[in-house]
Amino acid sequence: MFPKYDVIVVGAGHAGCEAAVAAANLGSKVLLVTMNMQTIAQMSCNPAMGGVAKGQIVREIDALGGYSGIVTDHTMVQFRMLNLSKGPAMWSPRAQSDRFEFAKVWRQMLEAHPNIDFWQEMVKGLVVKDNRVKGVRTGMGLEIEAAAVVLTNGTFLNGIIHIGEKQLGGGRAGEKAATGITEQLIELGFEAGRMKTGTPPRVDGRTLDWSRMEVQPGDEQPGRFSFTETPRLTNQMPCHITYTDPKVHEVLRTGFDRSPMFNGRIQGLGPRYCPSIEDKIDRFAERDRHQLFVEPEGRDTCEIYVNGFSSSLPEDVQYKALRLIPGFENAKMFRPGYAIEYDFFPPTQLKITLETHLVKNLFFAGQINGTTGYEEAASQGLIAGMNAHLAIREEAPLVLKRSEAYIGVLVDDLVNKGTKEPYRMFTSRAEYRILLRQDNADLRLSPIAHKLGVAGMDDRMERVHTKAHAAREIERHLESMSVHPDQINGYLNQLGSAPLTQKVKLLGILLRPQIGLADLRAVLPDLHTYLGAFDEESVNLAEINMKYAGYIKKEQELVDKMSRLEEVNLHDNLDYGGLKSLSAEAREKLTRMKPRTIGQASRISGVSPADISVLLVHLGR
């Protein structure tokens, strides 16, 4: 009935979709297995993509040939570039998506791919022989062969939904949990744990008083996620902001005795940076209000997502508290918020390629690794899918360095440090964030994907070369172009900036902290005409390269210094137990995790600088 596949991907959420595309675009024959074909690429929680650090990840996925950015650009209803008041390392794109269109376009793109097949059924277990995965076993007892398997089970592994004192088996509202895989993996020697996440109630937008809330519009000139020619967003939809108050908190507290968060029924740890509303008012009791973002679910629905009001309290308490929020006095609820508890596998059990140590050609991606967020999941799916393809062909794996991508930081953190709570990406996790900006993801990563042979990268590389060349041209022009005091002093006086006493190079003016190219274009017609010949991305890249040249150079020097450790390879068969000068903890963790390089070994929790010195001496370095 089935051919033998190169790669089987289990689960069709964000990680699964990107894993399937990644392997297929390298030439693998892929089977995507999901329990429900109607929920492929479902946005289970908030209808949005990107945000701080997450937006950088989406752009990186796009630069590597993934589809998340393209789908987002085709289906977003609002776009905002966050943190523009800060430096460019912090600029982060975020889009409000049309939930239904997002899933629809993702499915259309998957179905259009000739290398991807589909099967709708629960996977109950894996076929494993001699510590190598050979395929999957379904609920109907079918065995489907594959050379590699990527597990992207999301919140479905033994998932339990909590609403007050009610407990329902399920991986998402209205969908059953997946069983069998956890138990088999534990038998194979894997360590498992439990985590928790949650989602807020959905309400009827027709019953809200929008005049009582603050409008949050999108950018006047909305940007894009993809580096390809995706459509520009027009006709943006607004979001709104409102707040809880002490009366809302008082009502919520009446349900604490029935809350699974507080009475011990939920054992898994929840996300630190996206707590439930009951957790917020318990942990931050001194605050008399919390901000809520009121977000549309799409263009063709009145359903509204109440971002910031995630809850597992009884539905009657949620409803009563909601109707005390300004603008929600007459609100009707479509469904209550809930918490969901699910199995995950500590990611220290993985290689840096996301392949498991215990079973060859078995890869994990997404929430099964303890992460939270669509973007984090999608990026892992892309890496796992690519490496599954490369592994079965015995080719060198794709390993992104911390200095190359946020995705590299994410995978490195998970594999070397592990996580005991849902992991979320922040700009602060990246030590080289001035190099890892959202604007240069294509320059950093598209050459890597092109070298691997990802389909469609020839056109992208032409764009990369054009953009890089244009930025260099602009930089050279501004370094040579002079400006006369008469041309600029009026503007400088308005700013309170020191006026010119003689002709100077334009670059010197641009380097003043409060002045940008957009400002100079407005007062210098010749500059405006010159820059009009270039696209916006090239102009922005040139400006950042010039204004932050010192910071970029300093960070690159640090990367070069640290990269020497990354280039010292460690062999899988190195006998750490025989190196008695290593600490006992280092011997145990190095033996278990088998780092690929000295650099990776140095980031493993419990491996000290003294242990690294021992390894370098042992290697004759």
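Everything below is about the structure shown above.
Residues numbered from 1 in each chain as written. Predicted model: local features only at pLDDT ≥ 70, side-chain atom pairs only at ≥ 80, totals over all residues. Heavy atoms only, no water.

Colleague: Before we go on, may I ask you to explain the side chain of Asn-25 in this structure?
Modeller: With respect to the secondary-structure elements, Asn-25 resides in helix 1 (residues 14-25). A polar contact of 2.7 Å, which involves the side chain of Asn-25, links it to the side chain of His-113. Among residues more than four places away in sequence, those in contact with Asn-25 are Gly-65, Tyr-67, His-113, Gly-453, Val-454 and Ala-455. (Helix = DSSP H or I, 4+ residues; strand = E, 2+ residues; numbered from the N terminus. Polar contact = N/O pair within 3.5 Å; in protein donor to acceptor, adjacent residues only side chain to side chain. Contact = heavy atoms within 4.5 Å.)

Colleague: What am I meant to see in the pairing of strand 9 (residues 143-151) here?
Modeller: Two faces, one strand: in a regular strand the side chains alternate between the faces of the sheet. With 5 bridges connecting them, strand 1 (residues 5-10) and strand 9 associate as parallel partners. Bridge pairing in strand 9 links Tyr-5 to Ala-146. Bridge analysis of strand 8 (residues 132-138) against strand 9 gives 3 bridges, and the strand direction is antiparallel. Bridge assignment links Val-136 to a residue of strand 9, and that residue is Ile-144. In textbook terms, the turn of a hairpin is the stretch between consecutive antiparallel strands, and for strand 8 and strand 9 this stretch comprises 4 residues, one of which, Gly-141, has a positive phi near 90°. (Pairing = 2+ DSSP bridges.)

Colleague: What am I meant to see in the packing of helix 1 against helix 9 (residues 374-392) here?
Modeller: Helix-helix packing is described using two parameters, namely the angle between the two axes and the distance between the axes. Packing of helix 1 against helix 9 leaves a shortest axis separation of 7 Å and a crossing angle of 30°. Classified by the angle their axes make, helix 1 and helix 9 are roughly parallel. Between helix 1 and helix 9 the crossing geometry is right-handed. When helix 1 is examined against helix 9, the residues His-14, Ala-15, Glu-18, Ala-19, Ala-22 and Ala-23 are found in contact with a partner set consisting of Tyr-374, Ala-377, Ala-378, Gly-381, Leu-382, Gly-385, Met-386 and His-389. By residue class, the composition of the contact of helix 1 with helix 9 is 9 nonpolar, 4 polar and 1 charged. (Axes fitted to C-alpha atoms, helices over the stretch in contact; angles between N-to-C directions. Parallel < 35°, antiparallel > 145°, perpendicular 65-115°, else oblique. Left-handed = near helix turned anticlockwise from the far one by under 90°. Nonpolar A, V, L, I, M, F, W, Y, C, P; charged D, E, K, R; others polar.)

Colleague: Would you mind going over the packing of aromatic side chains with me for this structure?
Modeller: Note on aromatic pairs: each is described by the distance of the centres and the angle between the planes. Scanning the entire structure with this criterion turns up 8 aromatic pairs. An angle of 40° between the planes, with centres 5.9 Å apart, marks the rings of Tyr-67 and Trp-106 as tilted. A residue pair is termed long-range when its members are at least 10 positions apart, and Tyr-67 in the loop between helix 2 (54-63) and helix 3 (68-75) and Trp-106 in helix 4 (residues 99-111) qualify at 39 residues. Both rings, one in Phe-190 and one in Phe-364, keep their centres 5.7 Å apart while their planes meet at 40°; by these two values the pair is tilted. (Phe/Tyr/Trp six-rings, centres within 6.5 Å; stacked < 30°, edge-to-face > 60°.)

Colleague: Just to check I follow, could you spell out the nonpolar core for this structure?
Modeller: Nonpolar side chains in soluble globular proteins generally cluster together in the buried interior. One finds Ile-8, Leu-151 and Leu-362 to be the most contacted residues of the largest nonpolar core, which totals 102 residues. Residue contributions to this core peak at 10 residues, all from helix 9. The residues touching Leu-362, leaving out its near neighbours within four places in the chain, are Leu-126, Val-133, Val-149, Leu-151, Leu-185, Phe-190, Leu-354, Glu-355 and Thr-356. Within the second largest apolar cluster, 23 residues are counted, among which are Ile-488, Ile-509, Ile-515 and Leu-531. (Core = buried A, V, L, I, M, F, W, Y, C linked by side-chain atoms within 4.5 Å. Buried < 20%, exposed > 50% of the residue type's maximum accessible area, 1.4 Å probe, protein only.)

Colleague: Help me understand the sheet that holds strand 4 (residues 76-82), please; the structure alone is not making it clear to me.
Modeller: Strands in a sheet are paired, the pairing made by backbone hydrogen bonds, and the direction either parallel or antiparallel. Taken together, 3 strands build an open sheet; the order of strands is 3-5-4 and the sheet is antiparallel. In this open sheet, the two strands that pair with only one neighbour each are strand 3 (48-50) and strand 4. Looking at each pair of strands side by side, their axes are set apart by 15° on average, direction ignored. Pairing analysis gives 3 bridges linking strand 3 to strand 5 (residues 92-97), with the strands arranged antiparallel. Within the sheet, the bridge partner assigned to Ala-48 lies in strand 5 and is Gln-96. Together, strand 3, strand 4 and strand 5 form the strand contacts of helix 3, whose direction differs from that of strand 4 by roughly 115°.

Colleague: Looking at this model, I keep getting lost on a positive patch on the surface. Mind explaining?
Modeller: Together, Lys-4, Lys-129, Arg-132, Lys-134 and Lys-360 make up a region of like positive charge exposed at the surface. Residue placement: Lys-129 occurs in strand 7 (residues 123-129). (Patch = residues over 30% accessible without salt bridge, like charges linked within 9 Å, V, L, I, M, F, W, Y side chains within 5 Å. Areas by Shrake-Rupley, 256 points an atom, 1.4 Å probe, with all protein chains shown as cover. Salt bridge = Lys/Arg side-chain N within 4 Å of Asp/Glu carboxyl O. Lys, Arg positive; Asp, Glu negative; His and termini not counted. Charge placed at Lys NZ, Arg CZ, Asp CG, Glu CD.)

Colleague: Is there a simple way to think about helix 1 in this case?
Modeller: Helical geometry: 3.6 residues make up each α-helical turn, so side chains three or four residues apart lie on a common side. Between its first and last C-alpha atoms helix 1 spans 16 Å; for 12 residues at 1.5 Å apiece the expected length is 16 Å, and the two agree. Within helix 1, 12 of the 12 residues are buried, which leaves the element mostly enclosed by the surrounding structure. Along helix 1, the residues classified as buried are His-14, Ala-15, Gly-16, Cys-17, Glu-18, Ala-19, Ala-20, Val-21, Ala-22, Ala-23, Ala-24 and Asn-25. Phi for Gly-27, located one or two positions after helix 1, is positive at around 110°. (Expected span 1.5 Å × (residues − 1).)

Colleague: Sorry if this is basic, but what is going on with the state of the cysteines here?
Modeller: Simply put, the disulfide is a covalent bond whose two ends are the sulfur atoms of two cysteines. If you walk through the whole model with that rule in mind, you get 0 disulfides. This cysteine, Cys-274, is not joined by any disulfide, and Cys-45 carries the nearest cysteine sulfur, 6.4 Å off. Given a relative accessible area of 47%, Cys-274 falls into the partly exposed group. (Disulfide = S-S within 2.5 Å.)

Colleague: I'm lost on the pairing of strand 1 in this one. Help?
Modeller: Counted residue by residue, strand 1 has 5 buried out of 6 residues, so it is predominantly covered. Where strand 1 lies against strand 2 (residues 30-34), 4 bridges are found, and the strand directions are parallel. Pairing of Val-9 across the sheet is with Leu-32, part of strand 2. Where the polypeptide runs from strand 1 across helix 1 and back to strand 2, its parallel neighbour, the crossover connection is right-handed. (Right-handed = clockwise from strand over helix to strand, strands pointing away.)

Colleague: What is the right way to read helix 2 from this model?
Modeller: Summarising burial for helix 2: 10 of the 10 residues are buried, a large majority. Looking at helix 2, one finds that the buried residues are Lys-54, Gly-55, Gln-56, Ile-57, Val-58, Arg-59, Glu-60, Ile-61, Asp-62 and Ala-63. In the segment just after helix 2, Gly-65 is the residue with positive phi, at about 100°.

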